[in-house]
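Analysis of the macromolecular model
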Amino acid sequence: MELLVASAIGVLTAAGIYLVLRQRTFPVIIGISLLTYGVNVFLFASGRLAVNLPPVLTKTAEGYSDPLPQALVLTAIVISFGMSAVIVMLALVAYLSADTDRIDMGAEKGEEN
Amino acid sequence: MNHWILAPVLLPAMIAALIVMFARHEVERQRVISILGTLALCAISVWLLMLAASGAIEVYEVGNWPAPFGIVLVLDRLSALMVLLTALLAIAVLLYAIGSGWDARGKHFHALFQFLLMGVCGAFLTGDVFNLFVFFEVLLIASYGLMIHGGGKQRLRAGVQYVAYNLLGSTLFLFALGAIYAVSGTLNMADLAQRAAEMPADEAAILRVGAVLLLLVFAVKAALLPLHFWLPATYSLTPAPVAALFAIMTKIGAYAILRVYTLVFGPDLSVMDGLVGDLLMPAALLTLIIGMVGILGSTELGRLAAFSAIGSMGTLLIAIAMFTPEATVAALYYMVHSTLATAALFLVVDLMTEHRPGAKGKIIPSPFHRYGGLTAALFFVSSIALAGMPPLSGFVGKLMIMDAARDSDLVWWIWAAILITSLIAVVGFARAGSSVFWKSAQEAAVEVPAHDDARQSESLALTATIDIIGAQVVVTELAGPIAGYLNATAGQLYAPAQYIGAVLRLEQG
Amino acid sequence: MTLFLIVLLPFVGALVPALTIRAGRDVCAAATGLISVTALGLLLAQAPAVMQGEVVHARLDWLPWLGLNANFFLDGLGLLFAGLILGIGVLIILYARFYLSKTDSMAHFYTYLLLFQGAMVGIVLSDNILMLLIFWELTSLSSFLLIGYWRHLPEGRQGARMALAVTGMGGLAMIGGMLILGDIAGSYDISVILENRDAIQASPLYVPALLLILLGCFTKSAQFPFHFWLPHAMAAPTPVSAYLHSATMVKAGLFLMARLWPVLSGTEIWFYLVATTGLVTMVVAALIALFKDDLKGLLAFSTVSHLGFITMLLGFGTPIAAVVAVFHIINHATFKCALFMPAGIIDHEAHTRDIKRLGGLRRLMPVTFVIAAIASLSMAGVPLLNGFISKEMMLEEASHTVWLGSDLFVPVLAPVGALFSVAYSFRYIGHVFFGPVRTDYPAKPHDPGFGMWIAPAFLVTLVVLIGVASDAMVGDLVATTSRAVIGSSELPYYSLKIWHGVTPALFMSIIAIVGGLVLLSAHRPLERLWRAISVFEAKAVFDAVVESIAAVGRRLTDGLHDGSMSRYAGVFFVTVLAAGGLAYFGGAVGAPTRDPLPIAVVPAIGWLLLVICTGCMIAYHRNRFLALVLMGVIGVIVSIGFAYLSAPDLALTQLSVEVVTIILLLLALNFLPRETPRESSQGKRLRDAAIGVVGGLGVGGLVYLMLMSDFAQPTISAFHLENSKTGGGGTNVVNVILVDFRSFDTFGEIIVLGIAALVIYAVTETVLRGETGRRLARWMPPEPGAGDRHPLMMVVATRVMMPIAIMVGVFIFLRGHNEPGGGFIAGLIVAIALVMQYMASGFAWAEARQRFPYHRMIAAGVLIAALTGIGAMIAGRPFLTSAFGYFQIPPMEEFELATAMAFDVGVFLTVVGAVMLSLESLSRIARHAGETVNLEPMDVMPEETETPEKETQ
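Predicted model, so just to flag it, every value in this text is computed and none were measured. Sequence order as written defines the numbering, with residues in each chain counted from 1. Chains carry letters and ligands carry numbers; both start at the beginning, A for chains and 1 for ligands, and go up in the order they are written. Totals for whole chains, interfaces and linings use all residues, but because this is a predicted model, local features are given only for residues with pLDDT of at least 70 and pairs of side-chain atoms are given and counted only at 80 or more. Just so you know, side-chain values use all the structure's heavy atoms and leave hydrogens and water out.

Some words on the overall build of chain B
Secondary structure summary: chain B contains 19 helices and 2 strands in total. Radius of gyration: over C-alpha atoms. The globule rule applied is 2.2 Å multiplied by the number of residues raised to the 0.38 power. A globule of 509 residues ought to have a C-alpha radius of gyration of about 23 Å, and chain B, at 22 Å, matches this closely. Going through the 509 residues of chain B one by one, you find that 75% of them count as buried. Any two residues whose heavy atoms approach within 4.5 Å at even a single point are treated as in contact. Sequence separation of 24 or more characterises 79% of the internal contacts of chain B that already satisfy a separation of 6 or more. Counting only carbon and sulfur atoms, one obtains 66% of the accessible surface of chain B, whose full area is about 12,300 Å². The charged-residue count follows a simple rule in which Lys and Arg add positive charge and Asp and Glu add negative charge, with His and chain termini not counted at all. Charge positions are represented by NZ for Lys, CZ for Arg, CG for Asp and CD for Glu. Across chain B, the 25 positively charged side chains and the 30 negatively charged ones have centroids separated by 12 Å. In this description a helix means any DSSP run of H or I spanning at least four residues, a strand means any run of E spanning at least two, and both kinds are numbered starting from the N terminus. Here the term buried applies to any residue with accessible area under 20% of the maximum for its type, exposed to any over 50%, and partly exposed to those in between, with areas from a 1.4 Å probe on protein chains only. Here the open area of atoms and residues is found with the Shrake-Rupley method and a 1.4 Å probe, where only the protein chains shown may cover a residue.

Right, dumping it as structure tokens:
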């Protein structure tokens, strides 16, 4: 199981990095989202893995998975949601006003608004 | 439990919420609320500084849960200083934004401004690494909004880059935290400090990775080479008041480095064996060089200011990277200077841009329609400050850093870098200034173009700028007492036992 | 105490000109003059004591931490220089009053002048080398302003920049030197340093310190090869040239050499460096001066030459030579100033300084002629004038100086320099004043008014008086100053008499004068020769150097920071990986301590699916729609994974966030290109892939290590598990952590969400207002959408779902504290329901039916959360301290109320408000782009039923 999770995170990260290095805003955003998945699972994994041990207190449970990383990941998910909303919107208006969705702005450097 | 420690975080948040709630449509009302709130923040932070000056370390356990299980805010000399610096900068910048009418060129300026203050103060006060992450995000997302305030093709595109780059930074932050928690099992800095000290050597690798990744996160904020690439475009295209406020944002990176790598992963922590300093110092030297060379190379005022910001961050990080009490005193003094000087320069550059409609911020001769002489004087003074020429705080700060560098084994490199880059900066500023002001002196004054937004008062903007420069004069005048306070601050930083004891409620005897 | 006043007065006084200029130029000049006079008076009041050999001290701690203190002291040397600076300052102010034309801003001029004066006095009175450095750089800055005073002149700009660059460089080098010096001496106070001669000269750092300090002195005093800036500084108004660039500032270097003479001089390296530089400068500059046609150029180089003269004397390192140096400093100040002023007068009257266009002024400007003649004769070293005596004494010293074993080198070259000096001095007289009166002067020259010639007249009187009765005039001053310079009370034997008997020096003088006259008579042919051989122009070289540096800088910075985000990101990743690797391989890793969980089938399939989807993503990401779908799938798999790995809350959150994000992206994609073009080359893609793979391996490896080994130290979450129910009143520990243990995080988190919405709203507003808005209005969808925009089925479905969704939301919210769920997830579910409504029935319809403005919802959410926390404060507890209790309302079963729930309400509101505000903003763009809106709830073909209406701002 650990191997699966580790490799999955690795795959997500690799793909994310590759996409972030593209030239257009859209793939970059997708790439960042993949990285976010990766890091969320990573953070979650920092509490180690457990099956059928949800951190909900019951009389019968013989143990619980680490709740703290889960709380952290929850916060992280929310925050990254807000962030990606902003960057999506920003990419959109940037495209609408500049008529290009290139993320590099070398060519027009120096020209004013 | 002193509730005032919470105020710098809670007050701006409430102010912002109130603005959104009740003043969404009336700029005037927003301005009033915003100013009142910021003034209150100033007052509170002055009082907090006096509190911290006594040397006591005040801990505030949010939610009444003891550290390390809950989140604590910690007020020591350093955090008090940073909060005060933030508040003072904020009020001046706010006045400028109002005076120049920048705040009316888009929606929600004041709300975002206040939220940014909340994030910044929170980052300075928190004693919990994950909470630090949260506040980083708060101030970042607010900064995104402020950075693209007013819109414009170039600005929006630069905004996309700025956001994207910082999202990478935030992701890295989480990776670092995951790694750190996975071995140490804690998030509280003081607790982490203890655990890092007792960390069994054969578990060190992951912790080291976490520590170094964290350093890189802070390095992004502090615009340390080679993670500074987000800065030039962002700062040169950001609305001037925002850029001026960003002067404190780079310092957050510097603060975090100083805090974490003296308290948690201290310079003599066995598992790190000085790795942090070794990574930091060369990068800082390069940052200084790139920044100052950039001043000479710039063809636009905005980029000139941006690169001088990088340069002064380089100088600051050199001082930090030495990780000795003396160097830290110098670093802190220079940090105060650099914040004010950078902010002032951005505002002056804005004045130069606004009053030279012909030039569009380029470094070319073009007539002023107003305030030519005054702007020239202001530019002269703020260049002197940033180039580190006497008589302003920049020179004193550089002297202190060079003096403290004596014991470093890189002393010759440091001195050479600082002195040579100072010369480059002087030449760069002289070229820019003389071609902007002297060449254009002869040309006749032109018509005053009516600016798109009404409701602006030039005099307020000018006053705000002059205030920041005046603050530098004060900082220079009072160098003695300030150095005294900073000396005590460095003392606290390099004797973390007190901090740890206060946070973890250890009865230290 | 007085010393502070003397230094401060000019600085404070710098405000006076600006204040008084309104009262007229005379008042302004008078007021300015008064300041210098007062300062001079204060100084002279101290003079008697100093003459008695006393040293006046004034100390004020400024930055003791660094040893940077405002300490001043006044000894003979300080007295002499301060006297020169202030005294000549007064004359200059007087002269400038009449020199400046109506169009020049007198206030600026006097302000800069006083600033300079203050800085200069500061240098000569400082008892702290750091303090001295500050004033030193201040002189560079103020001279920058003064040289550039005539802003319209390009020469002024260039000259100013060059002067600043060269002297600035020297100053910076000197900072290094001074820091070393202070380090060796253990103090930055000059009076202390002066007592540590042996320690300093023994130190291994003596040589670097000396080199750096001398670099400062040589650049400031325009010593070869740094002499080239001074002639270009002559673009400044003549009063400035007379003041800064002959009498005072350029002597700062000499002053410092004299000041540190006791500790630095007397070594081999000192002798060879200083004496040689001085000698070479003296000869070379004198030669150049001979062929300068610009009157001020000639004087500039003569100044350089005489500075070399003095430097050489200081370099000899013998007390007697030092005495001569001091004496010549006085003489040079007097006659050189008296030479510049006439040059200014001529320029002022004849409107040219070109010697070739002058001549015959003897009759037209008799007064000026007399003044200039006396002064230049003194410069030439003709008997009965002060220049003669010091030159005699110099030659005397030179005559028995051995250089690298040769006892001819100096004795021969020194007279040569003197010879040239004679030549150009006579040229000043001969080619300007003698010869026939010309008719082609640019303007008819005549003597200026009294005000303009009185100052130089006064100076030449001194020249003569010192020349005939030097002992009576300046004997004591020279003695006192020399004592200060050589740092001992007993002086060597010397005499300031005119007649020293028949000495080698006398012969040298005679040779010099005769030879000089001969040389001048042969000026024309020599000049042709000179023009032929002199190809090398220092300014051109300097400009080229600076330009190339600037160009390199521009290429470097613009090249590196060209806005190429993909490169920036690449650098970012590589840096992170490198640093991470460095850190990792520097530390050890323990052996695995956990045994892996078994791999069940379902997760294995999920894993496979995830890997495949990610692979497809890479392969097909150019098809953006497909990319979105894949992303959705990946998100779902991740949330299922969370569920499987006992994180139900995460699963729910991830899922709901996924939905909203995808919706957002879909709406955005509506306006973005549907395809990503293939741009990056094969090579770049391979490189990026490589970076990606390394990153993936690194992260994956790290996780695996983490997962296989236990916490090195016990984790704090055990505490949370224990206290969740008892202390937090909830059994769902994750939720309790969110709303209680770490509710502060959550507080920040919802604020992030709120800000996100505000930002999105603000940027939409801005864009729609601008020209983009107008472009949008003309926007046409890339391909026509499906025929029926609001399918009946979906409309009905969503309408029915709405209340159910709300119910679910409330349910999820309430159980959140004890079961998976909570305010955040509930908020998202409700939001999703509303969004469905929007998508199904069109924005306008839904908006018309929703009551509350989302802004307020967000604000209210934040406020409620905050107030919940503040409630605890009122109860005397820290912010966000939770309280909970169990209540019984028959017939309902017992239920729990916790303040945490109020907090959660805040979360809920913020989430809904934020999500909705964002989507609404997006919809505004859509409507702006002319997407049709249906007012009837169940229209099937809006295109037919009503005409599309556009939102209008």
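Next comes the rest of the description.
With respect to helix α5 (residues 106-125) of chain C
Over its 20 residues, α5 of chain C runs 28 Å from end to end, which matches the ideal 28 Å to within 8%, given 1.5 Å per residue. With respect to burial, α5 of chain C is a largely interior element, 18 of its 20 residues being buried. To estimate how far a helix should extend, the number of its residues minus one is multiplied by 1.5 Å.

Here's the deal with a nonpolar patch on the surface
Residues and elements named next belong to chain C. Like charges are joined within 9 Å and nonpolar side chains (Val, Leu, Ile, Met, Phe, Trp, Tyr) within 5 Å, but only among residues with over 30% relative accessible area and no salt bridge; these make up the patches. Within this document, salt bridges are pairs made up of a side-chain nitrogen of Lys or Arg and a carboxyl oxygen of Asp or Glu, the two lying within 4 Å of each other. A cluster of nonpolar side chains, namely Trp499, Val502, Phe507, Ile510, Ile511, Val514 and Val518, defines an oily patch on the protein surface of about 740 Å² accessible area. Secondary-structure assignment places Val502 in the loop between α23 (470-486) and α24 (504-521). The exposure class of Val502 is exposed, given its relative accessible area of 61%.

Digging into the interface of chain C and chain A
Listed by partner, the interface residues are 111 residues for chain C and 83 residues for chain A. Buried area: the accessible surface (1.4 Å probe) lost by two parts on joining, summed over both. Among the residues of chain C in contact with chain A, Leu645, Ser646 and Leu707 of chain C are the three that bury the most area, contributing 7% of the side total. Here chain C and chain A share 4 salt bridges between them. Definition of a polar contact: a pair of N or O atoms within 3.5 Å, with one able to donate and the other able to accept a hydrogen when the atoms are protein atoms, and with sequence-neighbouring residues admitted only if both atoms are side-chain atoms. Inspection of the region where chain C meets chain A yields 24 residue pairs in polar contact (both at pLDDT 80 or more). Think of it as three bins: nonpolar holds Ala, Val, Leu, Ile, Met, Phe, Trp, Tyr, Cys and Pro, charged holds Asp, Glu, Lys and Arg, and polar takes everything else, Gly as well. Of the residues assigned to the side of chain C that touches chain A, the class counts are 65 nonpolar, 30 polar and 16 charged.

Considerations on the pattern of salt bridges
Per the stated rule, a full pass over the model turns up 37 salt bridges over all chains. Glu28 of chain B serves as the salt-bridge partner of Arg31 of chain B, at 3.5 Å between the closest nitrogen and oxygen. Of this pair, Arg31 of chain B and Glu28 of chain B both sit in helix α2 (residues 27-53), 3 residues apart, roughly one helical turn. Linking Asp183 of chain C and Arg406 of chain B is a salt bridge whose minimum nitrogen-to-oxygen distance equals 3.4 Å. Remark: Arg406 of chain B occurs in the loop between α15 (393-404) and α16 (411-438) and Asp183 of chain C occurs in helix α7 (residues 154-185); the pair is interchain, linking two chains. Asp183 of chain C sits in the partly exposed class, given a relative accessible area of 38%. Here the salt bridges do not stand alone but share partners, grouping Arg24, Asp101 and Arg102 of chain A together with Arg624 and Glu679 of chain C into one network.

Some points on the nonpolar core
Residues enter a nonpolar core if they are buried and are Ala, Val, Leu, Ile, Met, Phe, Trp, Tyr or Cys, with the set joined through side-chain atoms within 4.5 Å. Membership of the largest hydrophobic core comes to 640 residues, with the highest contact counts inside it found for Phe218 and Phe265 of chain B together with Phe744 and Phe747 of chain C. When residues no more than four places from it in sequence are discounted, the contact partners of Phe218 of chain B are Leu132, Phe136, Phe173, Gly253, Ala256, Ile257, Val260 and Tyr261 of chain B.

Things to note about the interface of chain C and chain B
On the side of chain B, 127 residues touch chain C, which itself brings 115 residues to the contact. Carbon and sulfur atoms supply 77% of the area buried between chain C and chain B, which totals about 10,700 Å² over both sides. The interface formed by chain C and chain B holds 4 salt bridges in total. Taken together, the links from chain C to chain B amount to 31 residue pairs in polar contact (both at pLDDT 80 or more). Residue contributions to the side of chain C that touches chain B peak at 18 residues, all from helix α34 (residues 743-769) of chain C. Residue classes in the side of chain C that touches chain B are distributed as 75 nonpolar, 24 polar and 16 charged.

Digging into helix α1 (residues 2-20) of chain A
Compared with the 27 Å implied by 1.5 Å per residue over 19 residues, the 27 Å span of α1 of chain A between its first and last C-alpha is a close match. For α1 of chain A, the tally of buried residues reaches 16 of 19 residues, placing the bulk of the element in the interior.

Focus: the environment of Ile716 of chain C
By the secondary structure assignment, Ile716 of chain C is in the loop between α31 (682-708) and α32 (717-728). Separated by 148 residues in sequence, Ile716 of chain C and Ile864 of chain C place their C-alpha atoms 30 Å apart. With residues up to four places along the chain from it excluded, the contact list for Ile716 of chain C reads Leu68 of chain A together with Pro68, Phe69, Gly185, Thr186, Leu187, Asp191 and Arg195 of chain B.

Some words on unusual backbone geometry
Residue and element names in this part refer to chain B. With omega at 0°, the peptide bond leading from Ala67 into Pro68 counts as cis. Residue placement: Pro68 occurs in the loop between β1 (58-62) and β2 (71-75). In this model, Pro390 is joined to Pro391 through a cis peptide bond whose omega is 5°. Structurally, Pro391 is set in the loop between α14 (372-387) and α15. Its identity as a non-glycine residue notwithstanding, His108 has a phi of 65°, on the positive side. Mapped onto the elements of the fold, His108 is located in the loop between α3 (77-100) and α4 (109-125).

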